[in-house]
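# Observations on chain architecture
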Amino acid sequence: MDSNRGPLRPVTQFAESDYCYGTGPLSIRVDRVDWTRPVIYDGENWYEVEGVEVAADGREIGRRQALVRGRRLSSQPGSRRT
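Residues numbered from 1 in each chain as written. Predicted model: local features only at pLDDT ≥ 70, side-chain atom pairs only at ≥ 80, totals over all residues. Heavy atoms only, no water.

## What to know about the overall build of the chain
- In terms of regular secondary structure, the chain is built from zero helices and five strands.
- Ordered by position from N to C terminus, the α and β elements of the chain give β-β-β-β-β.
- When the 82 residues of the chain are sorted by exposure, 39% land in the buried category.
- Restricting to contacts in the chain with at least 6 residues of sequence separation, those with at least 24 account for 42%.
- For the chain, the computed accessible surface area is about 5200 Å², with 48% contributed by carbon and sulfur atoms. (Helix = DSSP H or I, 4+ residues; strand = E, 2+ residues; numbered from the N terminus. Buried < 20%, exposed > 50% of the residue type's maximum accessible area, 1.4 Å probe, protein only. Contact = heavy atoms within 4.5 Å. Areas by Shrake-Rupley, 256 points an atom, 1.4 Å probe, with all protein chains shown as cover.)

## Notes on the nonpolar core
- The biggest cluster of nonpolar side chains holds twelve residues, and these are Phe14, Tyr19, Leu26, Ile28, Val30, Val33, Trp35, Tyr47, Val49, Ala66, Val68 and Leu73.
- Where this core is concerned, the elements lending two or more residues are strand S3 (26-41), strand S4 (44-54) and strand S5 (60-69).
- For this core, the element with the highest residue contribution is S3, accounting for five residues.
- Once residues within four sequence positions are removed from consideration, Leu26 is found in contact with Thr12, Gln13, Phe14, Tyr19, Glu53, Arg64 and Ala66. (Core = buried A, V, L, I, M, F, W, Y, C linked by side-chain atoms within 4.5 Å.)

## Considerations on a nonpolar patch on the surface
- A surface patch of nonpolar side chains, about 320 Å² in accessible area, is lined by Tyr21, Val39 and Tyr41.
- Structurally, Tyr21 can be placed in the loop between strand S2 (19-20) and S3.
- For Tyr21, a relative accessible area of 64% corresponds to the exposed category. (Patch = residues over 30% accessible without salt bridge, like charges linked within 9 Å, V, L, I, M, F, W, Y side chains within 5 Å. Salt bridge = Lys/Arg side-chain N within 4 Å of Asp/Glu carboxyl O.)

## What to know about the pattern of salt bridges
- Counted by the stated rule, this structure contains 13 salt bridges.
- Of the charged contacts, one joins Glu48 and Arg32 as a salt bridge, the two residues approaching to 3.1 Å between their closest N and O atoms. Of this pair, Glu48 sits in strand S4 while Arg32 sits in strand S3; the two residues are 16 residues apart in sequence, bridging distant segments of the chain.
- Judged by relative accessible area, which is 24%, Arg32 ranks as partly exposed.

So, in structure tokens, the structure goes:
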């Protein structure tokens, strides 16, 4: 653990059908959800999520933004309203 950053947030996995745009499941350590600007897509609210994408073996791939289905975010850790 980096003493300047605090503990790492848990990794959340989203199915391909629950985020835009990519192929296969998305594993991401969510840092921020932009609750202020929902996007209506497929008749639902979707939100921009920012965080660190994580590979299947646990390696950090890098910063990532994605549009995620709102109902998948309601109880996710790290989804503080910003």
